[in-house]
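Listed below are the residues making up each chain.
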Amino acid sequence: MESYIIEENKPKSSRLPARLDLAQSGTGLILGLFMWAHMLLVGSIVLGKDAFDFVAKTMELSFLSDTGHGYPIAVFFAVSGVFTLFIIHALLGVRKFPISWRQHRVIRDQMQMMKHTDTNLWYIQVVTGFIMFFFGSVHLYTMLVNPGSIDPFLSADRVVSGNYWFLYFVLLISVELHASIGLYRLCMKWGWFKGKDARHSRKKLKTLKNRLMIFFLGLGFLALLMFIVIGWGHRQNAGERYQGTAYRQSHAATAEAPAASAAEEMEKTADETGAASHGADMQETAAPPADQAPAHDDAPADTPAPADDTEPVHDTAPAAGAASEHDTEAVQDAGTSDAAGPAQADSRTEADTHDQGSDAHEPTHSAQETQ
Ligand code: HEM
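Keep in mind the model is a prediction, meaning the values are calculated, not measured.

Colleague: Give me the overall build of the protein: which residues, what numbers.
Modeller: Looking only at helices and strands, the protein has 13 helices and zero strands in total. Along the protein, from the amino end to the carboxyl end, the secondary structure elements read α-α-α-α-α-α-α-α-α-α-α-α-α. A burial count over the protein gives 32% of its 371 residues as buried. Partitioning the contacts of the protein with sequence separation of at least 6, the portion at a separation of at least 24 is 76%. For the protein, the computed accessible surface area is about 24000 Å², with 66% contributed by carbon and sulfur atoms.

Printed below as a string of structure tokens:
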């Protein structure tokens with residue numbers, strides 16, 4: 001490929017690769033330190049369900065609300081930030097991957113030839129980075145779309161009933177190797193903690209790296225074991241939320257609050273109804289004389305209904321003409337539009353029955369006409 005590069009276009013000396021390296025180190029440093037914090041927070045499950053529940057609620061900023069309930073949106077933003085860094089870091093990391101078999105062969109030969117641990121560590125970075133492309137993305141996406149599903153039961157259910165135990169097993173080994181080796185290599189690359197004797201400080205940093213790796217792997221496996229034990233015991237009720245002290249406090253507060261307001265509400269309405277019934281009593285005592293009673297309701301059948309009544313015309317006296325109008329309408333319609341034949345027919349027949357068959361209704365109607 002290199003042979004196709006047009007020499008004139010080749011930039012003289014570009015700072016871009018160095019800048020990309022700096023960005024990769026920067027994102028790697030943040031993600032590495034994040035992973036140590038993440039493992040300590042997830043590792044709180046080792047101290048018990050309430051401890052993990054308290055940590056999860058604190059991560060949801062529940063201390064900001066007066067009822068103690070959490071804000072999963074806070075986790076959503078945290079995951080979005082970490083996921084973005086994760087993708088940028090992966091993109092910058094891909095530049096260093098041996099992408100052809102030839103390149104892969106070269107690095108393997110160099111490792112055998114040099115038997116140099118730091119070169120071997122670099123190869124572990126490539127392999128664990130590759131694994132995390134897939135396993136890390138699954139975990140991060142799960143957290144992104146379920147930010148409110150972090151509690152001792154829901155996390156354990158995800159590990160056991162959701163079969164995430166395999167994902168976490170592989171991801172745990174990959175991320176702890178990658179994060180510890182990555183932070184060690186950053187110190188080597190940028191000369192951090194070099195001290196007076198570089199060789200001595202390198203040895204010390206390597207020991208620290210190994211110890212931290214063993215500590216976080218150990219904590220991670222212990223946490224994974226705890227999740228498996230809790231999840232196995234909880235598999236019958238998978239999906240049920242954990243009702244822990246952190247949650248209970250918040251729950252009690254939330255339960256009390258609506259109960260309190262409900263009580264207040266009832267009191268208020270009781271007052272209102274008290275006031276209303278008192279008003280009604282007052283009214284009754286002040287009820288208008290009988291002759292002013294509104295006609296509409298109990299007026300005898302023959303009195304004409306007030307204008308706003310929606311009853312079809314044919315009920316009232318002037319109804320006769322209207323009725324006939326009605327009939328005539330039906331007739332007319334029947335005459336004109338065939339499409340609506342049957343419907344019309346229906347209405348038609350109805351009118352007919354009106355006129356010919358049903359005595360009960362008819363008398364009043366016809367009685368009026370005859371009058
Ligand atoms: C803000 C981003 C992240 C959040 C909120 C988060 C949250 C969690 C939670 C709650 C668990 C416990 C198990 C569960 O509920 O399913 C967990 C486990 C785990 N996470 Fe993350 N995680 C994040 C980022 C990452 C990243 C970037 C990696 C590595 C690439 C990672 C690797 C792991 C591993 C290996 C475990 C299993 C730990 C164990 O059980 O030992 N996490 N994470």
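Colleague: Report on the pattern of salt bridges, specifying residues and quantitative values.
Modeller: Under the definition given, this model contains seven salt bridges. Lys189 is the salt-bridge partner of Asp21, the closest N and O atoms lying 3.8 Å from each other. Remark: Lys189 occurs in helix α7 (residues 165-190) and Asp21 occurs in helix α1 (residues 16-42); sequence separation between them is 168 residues. Judged by its relative accessible area of 17%, Asp21 is buried. Note that Asp109 is salt-bridged to Arg105, the shortest N-O span being 2.9 Å. Separated by four residues within a single helix, Asp109 and Arg105 lie in helix α4 (residues 101-114), roughly one turn from each other.

Colleague: Which residues make up the site of the ligand, and what values go with them?
Modeller: The environment of the ligand is formed by 24 residues, the closest being His38, His139, Arg158, Tyr168 and Gly220. A distance of 2.6 Å separates a nitrogen atom of the ligand from a polar atom in the side chain of His38. Between an oxygen atom of the ligand and a main-chain N or O atom of Gly220, the distance comes to 2.5 Å. Those elements giving two or more residues to the shell around the ligand turn out to be α1, α3 (72-94), α5 (117-145), α6 (152-159), α7 and α8 (198-233). Here the shell around the ligand takes five residues from α1, the largest share from any one element. The residue makeup of the shell around the ligand, split by class, is 19 nonpolar, four polar and one charged.

Colleague: Explain the environment of Leu140 residue by residue, including any values.
Modeller: Following the sequence through the fold, Leu140 ends up in helix α5. Each C-alpha atom of the pair Leu140 and Val79 lies 6.8 Å from the other, and the pair is 61 residues apart in sequence. Once you skip the residues sitting within four places of it in the chain, Leu140 turns out to touch Val79, Val82, Phe83 and Phe86.

Colleague: So, the coordination of the iron atom of the ligand: which residues are in play, and what are the values?
Modeller: Of the protein atoms, only His38 (NE2) and His139 (NE2) coordinate the iron atom of the ligand, at distances of 2.0 Å. Given six donor atoms and angles of 81 to 179 degrees at the metal, the environment of the iron atom of the ligand is assigned as octahedral. Placement of His38 in helix α1 and of His139 in helix α5 is noted, with a sequence separation of 101 residues between them.

Colleague: Got a sec to walk through a nonpolar patch on the surface? Specific residues and values, please.
Modeller: A cluster of nonpolar side chains, Leu61, Phe63, Leu64, Tyr71, Ile73, Phe76 and Phe77, forms an exposed patch at the surface whose accessible area comes to about 690 Å². Summarising the element assignment, Phe77 is placed in helix α3. Relative accessible area serves as the criterion here: at 54%, Phe77 is assigned to the exposed category.

Colleague: Outline the packing of α4 against α5, supporting the account with residue identities and numerical values.
Modeller: Interaxial distance between α4 and α5 falls to 9 Å at its minimum, and their mutual angle equals 150 degrees. In terms of crossing hand, the pair formed by α4 and α5 is left-handed. Along the contact surface, α4 presents His104, Ile107, Arg108, Met111 and Met114, while α5 presents Thr119, Asn120, Trp122 and Tyr123. Of the residues that constitute the contact of α4 with α5, the class distribution is five nonpolar, three polar and one charged.

Colleague: Could you give an account of unusual backbone geometry, naming the residues involved and the relevant values?
Modeller: Among all residues save glycine, negative phi is the norm, and among peptide bonds the norm is trans. With phi around 40 degrees, Lys115 is a residue other than glycine that occupies positive phi space. Along the polypeptide, Lys115 turns up in the loop between α4 and α5. Here Lys115 falls in the exposed class, since its relative accessible area comes to 66%. Positive phi, normally seen in glycine, also occurs at Phe193, with a value near 55 degrees. Mapping Phe193 onto the fold places it in the loop between α7 and α8.

Colleague: So what's going on with the packing of aromatic side chains? Which residues, and what values?
Modeller: Counted according to the given criterion, the structure contains 14 aromatic pairs. Ring geometry for Phe130 and Phe134: centres 5.2 Å apart, planes at 75 degrees, overall edge-to-face. With Phe130 and Phe134 both in helix α5 and four residues apart, the pair spans about one turn of that helix. Under the relative-accessibility criterion, Phe130 is labelled partly exposed at 43%. Its relative accessible area of 46% is what places Phe134 among the partly exposed residues. Taken together, a centroid distance of 5.0 Å and an interplanar angle of 75 degrees make the contact between Phe215 and Phe216 edge-to-face. Exposure remark for Phe215: the relative accessible area of 45% places this residue in the partly exposed category. Aromatic rings pair up to connect Phe97, Phe130, Phe133 and Phe134 into one cluster. Directly above the ring of Tyr123 sits Arg108, whose terminal nitrogen or CZ lies 5.0 Å from the centroid. Positioned over the ring face of Trp232 is Arg235, at 3.8 Å from the centre of the ring.

Cut-offs and rules
Residues numbered from 1 in each chain as written. Predicted model: local features only at pLDDT ≥ 70, side-chain atom pairs only at ≥ 80, totals over all residues. Heavy atoms only, no water. Helix = DSSP H or I, 4+ residues; strand = E, 2+ residues; numbered from the N terminus. Buried < 20%, exposed > 50% of the residue type's maximum accessible area, 1.4 Å probe, protein only. Contact = heavy atoms within 4.5 Å. Areas by Shrake-Rupley, 256 points an atom, 1.4 Å probe, with all protein chains shown as cover. Salt bridge = Lys/Arg side-chain N within 4 Å of Asp/Glu carboxyl O. Near = heavy atom within 4 Å. Polar contact = N/O pair within 3.5 Å; in protein donor to acceptor, adjacent residues only side chain to side chain. Nonpolar A, V, L, I, M, F, W, Y, C, P; charged D, E, K, R; others polar. Donors = N, O, S within 2.8 Å, 3.2 Å for Na, K, Ca; no water. Tetrahedral: all angles 85-135°; square planar, octahedral: opposite > 155°, others 65-115°. Patch = residues over 30% accessible without salt bridge, like charges linked within 9 Å, V, L, I, M, F, W, Y side chains within 5 Å. Axes fitted to C-alpha atoms, helices over the stretch in contact; angles between N-to-C directions. Left-handed = near helix turned anticlockwise from the far one by under 90°. Phe/Tyr/Trp six-rings, centres within 6.5 Å; stacked < 30°, edge-to-face > 60°. Lys NZ or Arg CZ within 6 Å of the ring centre and 35° of its normal.

No statement about biological role is implied by the geometric values presented.
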